[in-house]
Each structure stands twice: as C-alpha cells, then as structure tokens.
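Secondary and tertiary structure notes
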2 protein chains.
Amino acid sequence: MATIQEVAKHAGVGVATVSRVLNGSGYVKESTKEKIMQSIKELDYTPNEMAKNLYHNRTGIVAVIVPEVSHPFFAEFVNAVEIALCSHGYRMMLCNTWQERNYERQYLEMLKKRQVDGIIFGAHTLDISDYQSSNRPIVALDRNLGPDIPCVSVDHKEGGRIAAELLIEAGCKNLVQVSGDGNMQSPSNDRHSMFQRVCTEKGILSHGVATSWNRLDFKHFEELSELVMTEFPDADGFFATDAIMLCLMRAAAKRGKMCGRDYKAVAYDGTYLSTLTEPSLTTIVQPINQLAEECVRLIVCQIAGRKTEDVHIKVSVRKGASTEPFAERERS
Amino acid sequence: MATIQEVAKHAGVGVATVSRVLNGSGYVKESTKEKIMQSIKELDYTPNEMAKNLYHNRTGIVAVIVPEVSHPFFAEFVNAVEIALCSHGYRMMLCNTWQERNYERQYLEMLKKRQVDGIIFGAHTLDISDYQSSNRPIVALDRNLGPDIPCVSVDHKEGGRIAAELLIEAGCKNLVQVSGDGNMQSPSNDRHSMFQRVCTEKGILSHGVATSWNRLDFKHFEELSELVMTEFPDADGFFATDAIMLCLMRAAAKRGKMCGRDYKAVAYDGTYLSTLTEPSLTTIVQPINQLAEECVRLIVCQIAGRKTEDVHIKVSVRKGASTEPFAERERS
C-alpha cells in the first residue's frame, strides 16, 4: 500500500500539501491539486481514515452496551439502533456486560480517550458518579444514570397499571409478577410498584419475584419459573416479560396447567416471542424501534455539541393485538 | 482536556519525547521520563488511543456482519463472538445487512482503509472476487467467499442426513424442508441436498421451499408458513430452522394440527427457541459457541500475520436432547 510520503514524492510536493488536499483544508493551487489526485490514482493510495478521524477528533463510532444481546428485547433494540446509527453516518460498537463481566468502566475509559464518540447504555452496574464524571455524550436506555444524562424509556407506570387492571378484570385473585433486580436504578421499577399499587387498591393478592442481578438468560428464567410454580401453586395470573412468560407457560404446562383455562397471563415487551403462541399472548408492547430512534437522536445531538432538551424521554406503551383477551397456548 | 503539547510544555521537553514515553519507543532518560509522567498526572492528560493505534497501524476492532442480529441464531452467534473477541483484546463493530441494505461493500472499504483490523462475514451478497481482492483478514461463517478465505461451518451434510433419517424412521411419507435462498454460495446448501438425497434413496416424497433472499424476519417466516400449510396440506413431516419451525407449528395449530400426533418435526440450529416448547423439539444442534470461537481464532491469527491452517473448518452437529423423539407441543 502506498504511503502519503510516496504520493508526495510522486507528485513532487510536500507531505503537508497532500494532507491539505486530502482534508480539504487550506489553499492549494488547482494545478498542484490535479497533480496530487493523479498521483493518488496512479499509486492506488487509500487515505488512512484513522488519520482523518484523528484530524477531525472523532471516530464515527457509538458504543452500545447491553446486558446480553441474545435476549430478544436487546436483540431487537440493537438491531434498530444499528439501523438508526447508520442513517446518521455512525458505526455501532457492541458490548455485552453478560453476567459477571463488567466492561462498562472500560467503555467509559474509551469514551474519555475518544476511541468512541458516545455511548448508549442499556446496562447499568457502576455508581452514578462514574457516568456523571465522564462529561461526554451518553444516553441511557431505561436506566437512571444521574441528572445530566438523558434517559429514554417507555411509560412504565402506565404499563404496570394496564397489566394489573387486565388481570384483575379477568377475575384473577392471586397474582405473581416477576421483576428485575430491584437494587438497580431504573424507570422500569415504576411498572412493578404501580402493578403492586393497583392490586393493593383493589384488594387483590400480589406476590413479587425478582430475577438475579444482570441475569437475562433462559437458563435462569427456567429455574425461576420452576421456583414460581412450586412456591405459588395457586397463582391464577402472571405478569412478566415475554421471555420469562414463555418459560412460566412451559413450567405450567409440565404441571398440566393451561394458559387461559387455569391462569391468565399478561406479557411485557412485545418482542417476536409474544407472537409465537397460538393465539398470541396478551402483551404490553414497548415500541422498541421508537426507543432506539430516540436514543440515537439524543446521542447524535450531544456529539454535535448541542444541548439535549429533555432529560427523560417517555415513550407510550400500547396493548398488543391478540385474537383473544388471554392466550390459550394449548387447545384442549 | 490537556493536549500532548501542553504536557510537553509543562515538562519542559519536546512533543516527540512525550510521544516516545507514551509509546514506550526509543530511549528517554529516566529523570526526563519521571518529569513527563508527573506532568501527565498533574494535567490529567489522557493519551489519545486513536493516535496510539495509528502509530501501531491497528484499530483493535473487528467488524462482524450478519443479516439480522434479532434472528435468534445470529443473536447467539454475535453474543459469543463478542465474548471471544474481548478475551483476545478486540472490540466488536456490528453491522446488519438487513433486507435491502447492503453495507458489506462499505465494510470492505473500511477494512481496506484500516478502520477495522478484520471482518467476520455471516452474510454474503457480493461477488466472491470483491472479498478475494481485499487481501486483508477475513473469516466467513457458513459462506464460501473463495479459495483463500477461511470458512467456518458445521458439518451440514451430516445434519441433513440425520434429519431425513429421523423423519423417515418416524414413518413420514410426505416431507417438506424449508431452506435458505439456494443462489447463495453456502455450505448450508449441503444440508438440503443431503436431506433430498436420503429421501430419494428411500423413496420418500420431499418438497423444498426456500425463504426469500436475505429475509430472516418473523413476518416473512409467518407468511412462508401459511404458504407451506396451504400448498402441502398432506405433509406429515417438516425440517426447518428453529425459528421457522415455531412459525410452522403455529400455522399448523391454527388448522387444528398437532406436532407429534398429526406431523413430525425436526428443527435445525438448537437456539433457545427450541427449548421453549414442552416437551422440547427434536433438534439438530449447531454448537454456536464453538462456531464463534473458531471464527475469532482464525481472524486473530490472520491479524497477527500468521497463515491460517485450514480453509474450511467443519464443526460437528449433535442431536438435541428432547424428552421424546418428537415434540408434542400441545397436549390433548
């Protein structure tokens, strides 16, 4: 591969002149410019993009950090973020914080060292002060990372309220809701507290079960589902994410229990998983594309040096279309 | 943020000397080195990693290109690749070639311009010559990109053979197999031709249905499943990937047909989807972690300038554990 030095020598000019032409900066005589372009062509010189980015002090890369990309919600989110970033001319660097691995600090370091232009955090394991002190473009999906860091989430309160009302209207008296680890500071905690509040107001029993910290794998969901079925054999209604709900339904089926007949279910997220049952599950849908687009809009805005208007963007949830109010996964 | 110039001025040395200390290259007197380190600390200077990578002519980034990361197989593959790349000190840049979008050429350009150190291609839409001419580190997952580009896949012939034998042994006489677009040059075509060959040898009817080019979304799978059920109402056995199989099962359930009782099913891939039915589906498992680790091993090897030993690495498939030979998704 030809170097910039070889191009300069071939064109009979200095390296600085070639650099000015490549970066479109400073004055270069038209005839000299033509000579340089000719040399670039003849020597098949490819300008080093790293050097160009260094010159402009940007990388064109946004990092996206999620707990686990194989989880359907994050898979669909990452898919949508990559498409939105591309449309703004950015590339996506992807990181899983999977289980014990904690790479968030490394990525914050990369942001500080300008190896990436911004980070979208869909995982949150550090102290809020760590994120705050970076003072560089950050957007959080469903995480409270401090007062100056924009957060994008759905209106979880509304989601929790609708779910509780649907189950209670369907006649449930003994509910179980599965939530994430409550120690994490996330707007999604609102959905569980609102669910609980509606149950308490209506005098309906509601048990809470939490997943372990940063565990979003199906092995964990299966173990948890077995536990729920053993501990709450009389539960007649469940509220959990699509992925966990499918595991709960499987654990129930093993015990001869059928969704619709023996219990009701309202799933949260509305990923493709919720469409795989026949008929479809009753679902509270998080509009994943809209969440992704808002995250990208806010990160691009910050990279461009503009102030972001809202600190917390709330996207509305909607009730997922299902052919019947509650899925009967198995037909008798 | 302090610049290297400010550090040099503060320490009373030249920029080149600071650069030598930062890169650990060339001789610098110990006392000068200490003075520079002190200035770096006092000014809170963060060395620009882009400049450092430029110096070493590497980015520390490997691009991974898949058709769609929200597809369960690619989601699990990308998850595993990211973990393996991290363990080798590399970051992952992720690209979807989703449907009409064709960004493979752009990424090949990035590879040429040294914005990434290597590419793992899990998608393939360009001419083989485009990949060949890059002459830079490339590994292909399940794609034939030419004689000099290492390919990693499972032993698809074995997979197709086992699937056909399982269905025929179970008494099926009228089979349907769903394959990818046959125009794509992929080792996975072997699985379909082997399936067909076993059927022909045993005198069993077998119909082939292909997905559309680069379509891996559930909407397409659902439409295709409806088509299969309408066109082949008497089919008594199906062979398709997990994701498509779940859609086929749903389309069958709509018509009152039950897996195990009315038809047999063998799924290919063995993603978490195949574990969501009760009992589990009979599955031919592609060991996704092993595929990911082989891809990463081969790309890291090439980046280090070493010759890769095998052009086509074949990983063995295995029959997935299921409690019964064929899933009965719905209990009567």
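You'll find the structure just up there.
Quick notes on the rules
- Residues numbered from 1 in each chain as written.
- Chains lettered and ligands numbered in written order.
- Predicted model: local features only at pLDDT ≥ 70, side-chain atom pairs only at ≥ 80, totals over all residues.
- Heavy atoms only, no water.
- Core = buried A, V, L, I, M, F, W, Y, C linked by side-chain atoms within 4.5 Å.
- Buried < 20%, exposed > 50% of the residue type's maximum accessible area, 1.4 Å probe, protein only.
- Phe/Tyr/Trp six-rings, centres within 6.5 Å; stacked < 30°, edge-to-face > 60°.
- Helix = DSSP H or I, 4+ residues; strand = E, 2+ residues; numbered from the N terminus.
- Lys NZ or Arg CZ within 6 Å of the ring centre and 35° of its normal.
- Axes fitted to C-alpha atoms, helices over the stretch in contact; angles between N-to-C directions.
- Parallel < 35°, antiparallel > 145°, perpendicular 65-115°, else oblique.
- Left-handed = near helix turned anticlockwise from the far one by under 90°.
- Contact = heavy atoms within 4.5 Å.
- Nonpolar A, V, L, I, M, F, W, Y, C, P; charged D, E, K, R; others polar.
- Pairing = 2+ DSSP bridges.

1. A closer look at the nonpolar core
One finds Val64, Phe77 and Leu273 of chain A together with Val64, Phe77, Ile120 and Leu273 of chain B to be the most contacted residues of the largest nonpolar core, which totals 156 residues. Among the nonpolar cores identified, the runner-up in size contains 42 residues, and Ala63, Leu111, Phe121 and Ile149 of chain A belong to it.

2. Thoughts on the packing of aromatic side chains
Evaluated as defined, the whole model comprises 14 aromatic pairs over all chains. Both rings, one in Phe121 of chain A and one in Tyr131 of chain A, keep their centres 4.8 Å apart while their planes meet at 85 degrees; by these two values the pair is edge-to-face. With Phe121 of chain A in strand 3 (residues 118-121) and Tyr131 of chain A in helix 7 (residues 128-132), this pair connects stretches of sequence that are ten residues apart. Its relative accessible area of 0% is what places Phe121 of chain A among the buried residues. Taken together, a centroid distance of 5.7 Å and an interplanar angle of 80 degrees make the contact between Phe239 of chain B and Tyr268 of chain B edge-to-face. On the criterion of sequence distance, the pair formed by Phe239 of chain B in strand 8 (residues 237-241) and Tyr268 of chain B in strand 9 (residues 264-269) is long-range, its members being 29 residues apart. A relative accessible area of 1% means that Phe239 of chain B is categorised as buried. Here the aromatic residues Phe195, Phe239 and Tyr268 of chain A are joined through ring pairs into a cluster of three or more. In this arrangement the basic side chain of Arg191 of chain A is found over the ring face of Tyr268 of chain A, its NZ or CZ atom lying 3.8 Å from the centre. Arg91 of chain B extends its terminal NZ or CZ atom over the ring of Tyr107 of chain A, reaching a point 4.8 Å from the ring centre.

3. What to know about the packing of helix 10 (residues 218-231) of chain B against helix 11 (residues 242-254) of chain B
Residues and elements named next belong to chain B. Where helix 10 meets helix 11, the axes come as close as 8 Å, and the angle between the chain directions of the two elements is 50 degrees. By the angle class used here, helix 10 and helix 11 are oblique. Helix-helix and strand crossings are classified by hand; for helix 10 and helix 11 the assignment is right-handed. Contacts between helix 10 and helix 11 involve Phe218, Phe221, Glu222, Ser225, Glu226, Val228 and Met229 on the former and, on the latter, Ala243, Ile244, Cys247, Leu248, Arg250, Ala251, Ala252 and Lys254. For the contact of helix 10 with helix 11, the class distribution of residues is ten nonpolar, one polar and four charged.

4. Focus: the pairing of strand 2 (residues 91-96) of chain B
Most of strand 2 of chain B sits out of view: six of its six residues are buried. Burial along strand 2 of chain B is two-sided: the residues Arg91, Met93 and Cys95 of chain B and Met92, Leu94 and Asn96 of chain B are all buried. Inspection of the sheet shows strand 2 (residues 91-96) of chain A paired to strand 2 of chain B by three bridges, in the antiparallel sense. By the bridge assignment for strand 2 of chain B, Leu94 of chain A is matched with Met92 of chain B.

5. Points about the environment of Trp213 of chain A
All names here are of chain A. Within the secondary structure, Trp213 sits in the loop between strand 7 (205-210) and helix 10 (218-231). Residue classification places Trp213 among the partly exposed residues on the basis of a relative accessible area of 36%. With 103 residues separating them in the primary sequence, Trp213 and Ser316 have C-alpha atoms 26 Å apart.

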